[in-house]
Amino acid sequence: MIQKKGIILIFFILPFYTFSQYNEKIGSGRPGVANGPFGVGKKIYQVQTGFRFSESNVGTPFVNNTNKTFDNSTIFRIGLFEKTEVRASAQYNIRDQFKAENSLFPQHISDPASKLETVQNGISNWNLGIRQNLSEQKNIIPALGIQLTALFGGLKNYKTEAVAYQLRLLLQHKIAKKLVLNTNLTATTKTESLSYTFSLNYPISPTLRVVGEMYGIKYFNNANFKTQITNNFDLGIGYWLSNNLQLDLFGGFGYNGATFRSKFISTGLSYRINRRS
C-alpha cells in the first residue's frame, strides 16, 4: 500500500517541475515501436494512426498455427502539463484469420478433425496511460522518462477477464550530432513478460528520417516461448509534410528459435493540433 501511494505521489508532484518539451516539428512514435522519454508538450493534441498487415507462424511437432491480421492502431496523446501526457490507444482488427493444421500428417489435412480455421474482427485491445518525463540528457547520462499503462484487452471475442498493467522505462541518448538512441525496458503483468527495445533514429534530410530497431520479449507463463526470447527487427522511414504532419512506412520480422516466425508491414500518419498560442 505504501509503495502504491508513493507512485501516485510521484506522478502528482513531478508535472509541476517543468521545462519546455515542445518541438517546432512533430515528434511521433511512428515509424517503429519504441517510445521516447518526452511528452508532446502542454496544450498539444496529437493522433498517431496506421494500418498494418502481419503474419505469424507457430510450429510444434503436431500442430502448425498461422495467424494473418490486417488491423488499424490509433493513439491519442494529450499534453496535460509540459512534461506530462495522457494517452489512449486502441487496435481494431479489420480481418483476423487463424488457421491450425496437423503438421504430423499433412496428407490428412482434408480431414476436418485435422484442420481448424477462424476469421473474426473487432477491437482487440484498448489502453489508457500516462507518460512522465523525469530528466533531459546530461553529458553521457541519457534523458529519462517513465510510462504507466492499463491494458484493458478487447471486446467480444477479444475480451479479457482482468486488466493488465505495464510499466515502461524510457531512455534517450544523443550519441552523435544527428543520431539518437531510444531504449525501452518494459514489464507487464498478467502475461508475466519482460521486453526490451533499441531504436536508432537518424534524419537524412530536413524532411526525411530513418529508423532501425531491435526489440524482444521474454514470457514467463507461455509454454511455447518460456525458454527463449522472441526477437524482432524493423526498418522504417518518416516523412514530414509539414511541422504538424508526418507520413511513415516501416516493416520487419521476428523469430523465436525454431518455433515462431513473424513478419509485418505498416503505413500511417501522425498529426498534431497546437493550442499553445
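About the criteria used
Residues numbered from 1 in each chain as written. Predicted model: local features only at pLDDT ≥ 70, side-chain atom pairs only at ≥ 80, totals over all residues. Heavy atoms only, no water. Salt bridge = Lys/Arg side-chain N within 4 Å of Asp/Glu carboxyl O. Buried < 20%, exposed > 50% of the residue type's maximum accessible area, 1.4 Å probe, protein only. Helix = DSSP H or I, 4+ residues; strand = E, 2+ residues; numbered from the N terminus. Pairing = 2+ DSSP bridges. Phe/Tyr/Trp six-rings, centres within 6.5 Å; stacked < 30°, edge-to-face > 60°. Lys NZ or Arg CZ within 6 Å of the ring centre and 35° of its normal. pLDDT = per-residue confidence, 0-100. Contact = heavy atoms within 4.5 Å. Polar contact = N/O pair within 3.5 Å; in protein donor to acceptor, adjacent residues only side chain to side chain.

**Q** Sorry, what's going on with the pattern of salt bridges here?
**A** Opposite charge on two side chains permits pairing when their charged atoms draw close. In this structure the tally under the stated criterion is 5 salt bridges. Residue Glu85 pairs with Arg77 through a salt bridge whose shortest N-O separation is 2.9 Å. As far as the burial class goes, Glu85 and Arg77 line up, both buried. Arg276 is paired through a salt bridge with Glu82; the nearest N and O atoms lie 3.3 Å apart. With Arg276 in the segment after β12 (260-274) and Glu82 in the loop between β2 (63-79) and β3 (84-102), this residue pair connects regions lying 194 residues apart in the sequence. Among the residues examined, Arg276 registers a relative accessible area of 31% and is labelled partly exposed.

**Q** Could you clarify how one ought to interpret the pairing of strand β10 (residues 229-242) in this entry?
**A** Sheet faces and side chains relate simply in a regular strand, where the side chains alternate between the two faces. As paired strands, strand β9 (residues 208-219) and β10 are joined by 11 bridges and run antiparallel to one another. The residue of β10 that forms the bridge with Ile217 is Thr230. When β10 meets strand β11 (residues 245-256), the two strands line up antiparallel, connected through 11 bridges. Residue pairing for β11: Asp234 is matched across the bridge by Gly252.

**Q** How should the packing of aromatic side chains be read in this particular structure?
**A** Throughout the structure, instances matching the rule amount to 6 aromatic pairs. When the centroid spacing of 4.3 Å and the interplanar angle of 15° are considered together, the rings of Trp126 and Phe152 count as stacked. Here the residue Trp126 occupies a position in strand β4 (residues 115-135), and Phe152 occupies one in the loop between β5 (143-151) and β6 (164-174), the gap between them amounting to 26 residues. The rings of Phe233, Phe253 and Tyr255 are connected pair by pair, giving a single aromatic cluster. Across from the ring centre of Trp240, 4.6 Å away, lies the NZ or CZ of Lys25, which sits over that ring.

**Q** Please explain the confidence of the model for the protein chain as it appears in this structure.
**A** As a note on interpretation, predicted positions should not be read in detail where pLDDT is low. Summarising the model, the protein chain shows a mean pLDDT of 87, and 84% of its residues fall at 70 or more. Taking the mean pLDDT of every element in the protein chain, the minimum, 45, falls on helix α1 (residues 2-13) and the maximum, 98, on β5. Note on residues 1-19: pLDDT is under 50 here. Beyond four places in sequence and across chains, it has 18 contacts.

**Q** What's the story with the side chain of Ser28 in this structure? I'm lost.
**A** Take Ser28: it is sitting in the loop between α1 and β1 (44-59). Among the polar contacts made by the side chain of Ser28, one reaches the side chain of Ser270 at a distance of 2.6 Å. Beyond its immediate chain neighbours, meaning those up to four positions away, Ser28 contacts Gln46, Gln48, Arg77, Arg209, Gln246 and Ser270.

**Q** Help me understand the pairing of β11 in this model?
**A** Only one face of β11 is covered, namely the one carrying Gln246, Asp248, Phe250, Gly252, Gly254 and Asn256; the face carrying Leu245, Leu247, Leu249, Gly251, Phe253 and Tyr255 has none of its residues buried. A loop of 2 residues connects β10 with β11, the two strands running antiparallel in sequence. Of the strand pairs in this sheet, β11 and β12 are connected by 12 bridges, and their pairing is antiparallel. The residue of β12 that forms the bridge with Phe250 is Ser266.

**Q** Explain unusual backbone geometry to me, please; I cannot follow it from the model alone.
**A** A negative phi angle is the norm for most residues apart from glycine, just as the trans form is the norm for most peptide bonds. At the junction of Arg30 and Pro31, the peptide bond is cis and its omega measures out at -5° in the coordinates. In this fold, Pro31 is placed in the loop between α1 and β1. Of note in this structure, Asn139 is not a glycine but carries a positive phi near 55°. For Asn139, the location among the structural elements is in the loop between β4 and β5. Backbone geometry places Lys156, a non-glycine residue, at a positive phi of 55°. Inspection of the secondary structure assignment puts Lys156 in the loop between β5 and β6.

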